[in-house]
Amino acid sequence: MVLTQFLVLGAILFALGVYGLLSRRNAVTVLLSVELMLAAVNINLVAFEAFWNTAAAHGQIFAIFVITIAAAEVGIGLAIILLVFRNRASSNIDELDLMRW
Amino acid sequence: MTFSDWLAEPANWAFLAIAIPMVLAALRVVTSRNVVHAALFLVLTLAASAALFILLSAEFVAWVLVLVYIGAVVVLFLFGIMITRAPIGRETNLSHTTRWPAAAASAAVLAVTVWSVLALSQGGDGFSDPLPAVGAATDTAVLGEGFITRYLIPFEAVGFVLLAALIGGITLARKDLTPAEEDEGDQV
C-alpha cells in the first residue's frame, strides 16, 4: 500500500461531503455531509501517520482530537436544529432567512 | 510502480474491497431521498473507514471511531431525525432542486485535491513507496503517553470543549417554561 491511494480516497470523500453540504436542504442531512468531510480528514491523518511512522503516533492523536470535536459539534448542531424546528416548525435551511434583508 | 504491481499486493485487494463500498455508501449519504437511509449509509462509510484504520495498523483509533461515531453520534442523528419529525419515508425536497452548482463546486474541489496529490506523488517525497508502519500494530500506550505529556494542554482543552458542548446542548434543547409551568414543577 502506498500513501497516494489513501489521499485520493480522502479527496473523493471530501468532495462528496462538499456536494452534500451545498445541495442538501434539510439541516440534519447537511450535518451528515459535514461528518463525511471529517471522516475524510481522519483518513488523511492516519495515512500520513502510517507514512511518517513517528514514534509518538502524532497523526493518530490528532485523529482522536478530530473525532472528539466532531462529537461535540453534532451535539450542539442537533440542539440548534431542534431549537429552530421548535420555533419555525421546519428544518429546511433555506427557510432560515432571518438574518437576510 | 505500475498498476499491475500495485494490484499484485494482497493488502491492496483488501483496500479496494473496503474503499469501493465506502465511496458508494458516501455517495448514497449525499443523494439518498430518505433521511434515515442517509444516516445508516453514514454508518457503513464510518465502518469502512474504521476497517481502513485497522489496515493502517491504527487499531485504537479504529475502535474509538466505532464507539464514538457508530455507537453515539449516529444514534444522536437518528434521535434528531425523529424529534424534528423529518419525513421518515421518501422525501422529494430533501435536496435543492438545482444541484449543478453544488456538483460543479465539489468537482472543482476533487480536481484540485486529486491533481495536487498526484503531482506530489510524482515528486521525490516517497509518496509512492510502500507505507512503513503497515503490519506492525501501534502500541496504545504510546497514544496514552502522548495525551498526558506533549498533548496535555490540547487534551484538557478538548475536555473543556466537551463540557461546554454538553452544557450548551442541554441549555439549547431544553424547553423554556413559562412562570406558571415553573410553579407547577415546584409543586411536583
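The rules behind the values
Residues numbered from 1 in each chain as written. Chains lettered and ligands numbered in written order. Predicted model: local features only at pLDDT ≥ 70, side-chain atom pairs only at ≥ 80, totals over all residues. Helix = DSSP H or I, 4+ residues; strand = E, 2+ residues; numbered from the N terminus. Buried ≥ 20, exposed ≤ 12 C-beta atoms within 10 Å, placed from the backbone. Contact = placed C-beta atoms within 7 Å. Rg over C-alpha atoms; globule rule 2.2 N^0.38 Å. Nonpolar A, V, L, I, M, F, W, Y, C, P; charged D, E, K, R; others polar. pLDDT = per-residue confidence, 0-100. Core = buried A, V, L, I, M, F, W, Y, C linked by C-beta atoms within 7 Å. Expected span 1.5 Å × (residues − 1). Axes fitted to C-alpha atoms, helices over the stretch in contact; angles between N-to-C directions. Parallel < 35°, antiparallel > 145°, perpendicular 65-115°, else oblique.

(A) Looking closely at the overall build of chain B. Helices and strands together make up the secondary structure of chain B, namely eight helices and zero strands. Reading the helices (α) and strands (β) of chain B from amino to carboxyl end gives α-α-α-α-α-α-α-α. Residues classed as buried in chain B amount to 24% of the 188 residues present. The long-range fraction of contacts in chain B, counting pairs at least 24 apart against all pairs at least 6 apart in sequence, stands at 60%.

(B) Layout of the overall build of chain A. Along chain A, the regular secondary structure elements total three helices and zero strands. From first element to last, N terminus to C terminus, chain A shows the α and β order α-α-α. Whereas a compact globule of 101 residues would reach a radius of gyration of roughly 13 Å, chain A reaches 17 Å, over 25% beyond that. Across its three principal axes, chain A shows a C-alpha extent of roughly 50 × 25 × 20 Å. By residue count, 59% of the 101 residues in chain A fall in the buried class. Counted over contacts in chain A with a minimum sequence separation of 6, partners at least 24 positions apart contribute 49%.

(C) Spotlight on the interface of chain B and chain A. Residue-level contacts link 77 residues of chain B with 60 residues of chain A. Among the elements of the structure, helix H2 (10-31), helix H3 (35-55), helix H4 (59-83), helix H5 (100-122), helix H6 (140-148) and helix H7 (152-173) of chain B are those that each provide at least two residues to the side of chain B that touches chain A. Here the side of chain B that touches chain A gets 13 residues from one element, more than from any other, and that element is H4(B). Residue composition of the side of chain B that touches chain A, grouped by class: 56 nonpolar, 17 polar and four charged.

(D) Here's a closer look at the confidence of the model for chain A. Model confidence for chain A is summarised by a mean pLDDT of 89, while 99% of its residues fall at 70 or above. Mean pLDDT values over the elements of chain A span from 90, in helix H3 (residues 58-88) of chain A, up to 94, in helix H1 (residues 3-23) of chain A.

(E) Structural detail: unusual backbone geometry. In this structure, A:Asn53 is a non-glycine residue whose phi angle is positive, near 55 degrees. The exposure class assigned to A:Asn53 is partly exposed, which follows from the 16 C-beta atoms found within 10 Å. Located in the positive-phi region is B:Ser57, a residue other than glycine, with phi close to 55 degrees. Inspection of the secondary structure puts B:Ser57 in the loop between H3 and H4.

(F) Region of interest: the nonpolar core. Residues A:Leu13, A:Val46 and A:Ala47 are the most contacted members of the largest nonpolar core, which totals 75 residues. Secondary structure elements with two or more residues in this core: H1, helix H2 (27-52) and H3 of chain A together with H2, H3 and H4 of chain B. Take this core: its biggest share by element is 15 residues, from H2(A). If sequence neighbours within four positions are ignored, A:Leu13 has contacts with A:Leu36, A:Ala39, A:Ala40, A:Ile43 and B:Ala26.

(G) Here's a closer look at H3(B). For H3(B), with 21 residues, the first-to-last C-alpha span of 30 Å sits near the 30 Å given by 1.5 Å per residue. Note on H3(B): the residue one or two positions beyond its end, B:Ser57, has a positive phi of about 55 degrees.

(H) Summary view of the packing of H2(A) against H3(B). Packing of H2(A) against H3(B) brings their axes to within 11 Å, and their N-to-C directions diverge by 5 degrees. Regarding the angle of H2(A) to H3(B), the classification is roughly parallel. The segment H2(A) lies against H3(B), with A:Val28, A:Thr29, A:Leu32, A:Glu35, A:Leu36, A:Ala39, A:Asn42, A:Ile43 and A:Val46 engaging B:Val35, B:Ala38, B:Ala39, B:Leu42, B:Thr45, B:Leu46, B:Ser49, B:Leu52 and B:Phe53. The residue makeup of the contact of H2(A) with H3(B), split by class, is 13 nonpolar, four polar and one charged.

(I) Spotlight on the confidence of the model for chain B. In the predicted model, chain B carries a mean pLDDT of 86, and 90% of its residues have values of at least 70. Interface scoring of the predicted complex returns ipTM 0.91; its pTM is 0.88.

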